[in-house]
Amino acid sequence: MEFFDVEAVRARLAELDVPADMAMAYLQVLTNLNAMSVLLSPSVNLDDEGGQEDLQQLWQRHQERRATLEAQYPVLSVVTRPAGWSKN
């Protein structure tokens, strides 16, 4: 699972020419992915709850939404990289 520094991404997006509605949608997807990553982590036992499979499907749909937004605005994939990232 991944964890995104949403506040750092928000600050980077403010400096870019990405429409506000797309930036907000992207931030929402990243926030949701962070929350689902925590719930899907091995330290959280949802097996007894019966919602693990549904949560994994929801996580996958958010990953697909993220990929769609990044395809529309390729700069979005750059803003999630850690500070100092130098690889392509």
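Described below are features of the structure shown in this document. Every value quoted in this text rests on a predicted model; they were computed, and no experiment measured them.

Quick notes on the rules
- Residues numbered from 1 in each chain as written.
- Predicted model: local features only at pLDDT ≥ 70, side-chain atom pairs only at ≥ 80, totals over all residues.
- Heavy atoms only, no water.
- Helix = DSSP H or I, 4+ residues; strand = E, 2+ residues; numbered from the N terminus.
- Buried < 20%, exposed > 50% of the residue type's maximum accessible area, 1.4 Å probe, protein only.
- Contact = heavy atoms within 4.5 Å.
- Areas by Shrake-Rupley, 256 points an atom, 1.4 Å probe, with all protein chains shown as cover.
- Expected span 1.5 Å × (residues − 1).
- Arc of directions from axis to C-beta.
- Axes fitted to C-alpha atoms, helices over the stretch in contact; angles between N-to-C directions.
- Parallel < 35°, antiparallel > 145°, perpendicular 65-115°, else oblique.
- Left-handed = near helix turned anticlockwise from the far one by under 90°.

Let us now look at the overall build of the protein. Summing up its helical and strand segments, the protein has 4 helices and 0 strands in all. In the protein, the succession of α and β elements from N to C terminus is α-α-α-α. Here the protein, with 88 residues, has 34% of them falling under the buried criterion. Within the protein, residue pairs in contact and separated by at least 24 positions form 68% of the contacts whose partners lie at least 6 positions apart. Carbon together with sulfur atoms contributes 53% to the accessible area of the protein, which is approximately 5900 Å² in total.

Another aspect to go through is the environment of Tyr73. Within the element layout of this structure, Tyr73 appears in the loop between helix 3 (52-72) and helix 4 (75-79). Residues Tyr73 and Pro19, 54 residues apart in the sequence, show an inter-C-alpha distance of 9.6 Å. Every residue in contact with Tyr73, bar those within four places of it in the chain, is listed here: Pro19 and Met22.

Turning next to helix 2 (residues 20-40). Relative to the 30 Å expected for 21 residues at 1.5 Å per residue, helix 2 spans 30 Å between its end C-alpha atoms, a close match to the ideal helical length. Among the residues of helix 2, those classed as buried are Met22, Ala23, Ala25, Tyr26, Leu27, Val29, Leu30, Leu33, Asn34, Met36, Ser37 and Leu40.

The next subject is helix 1 (residues 6-14). Val6, Val9 and Leu13 are the residues of helix 1 that are buried. Angularly, the buried residues of helix 1 cover 60° about the axis, an arc narrow enough to put them on a single face. Residues of helix 1 that are exposed and point over 90 degrees away from its buried face: Glu7 and Ala14. On its buried side, helix 1 packs onto helix 2 and helix 4.

Next up on the list: the packing of helix 2 against helix 3. Two numbers describe how helix 2 lies on helix 3: the axes approach to 10 Å, and their chain directions differ by 150°. When the interaxial angle is binned, helix 2 and helix 3 end up roughly antiparallel. When you trace helix 2 past helix 3, the crossing you get is left-handed. Facing helix 2, whose interface residues are Met22, Ala25, Tyr26, Val29, Leu30, Asn32, Leu33, Met36, Ser37, Leu39 and Leu40, helix 3 presents Gln52, Leu55, Gln56, Leu58, Trp59, His62, Gln63, Arg65, Arg66, Leu69, Glu70 and Gln72.

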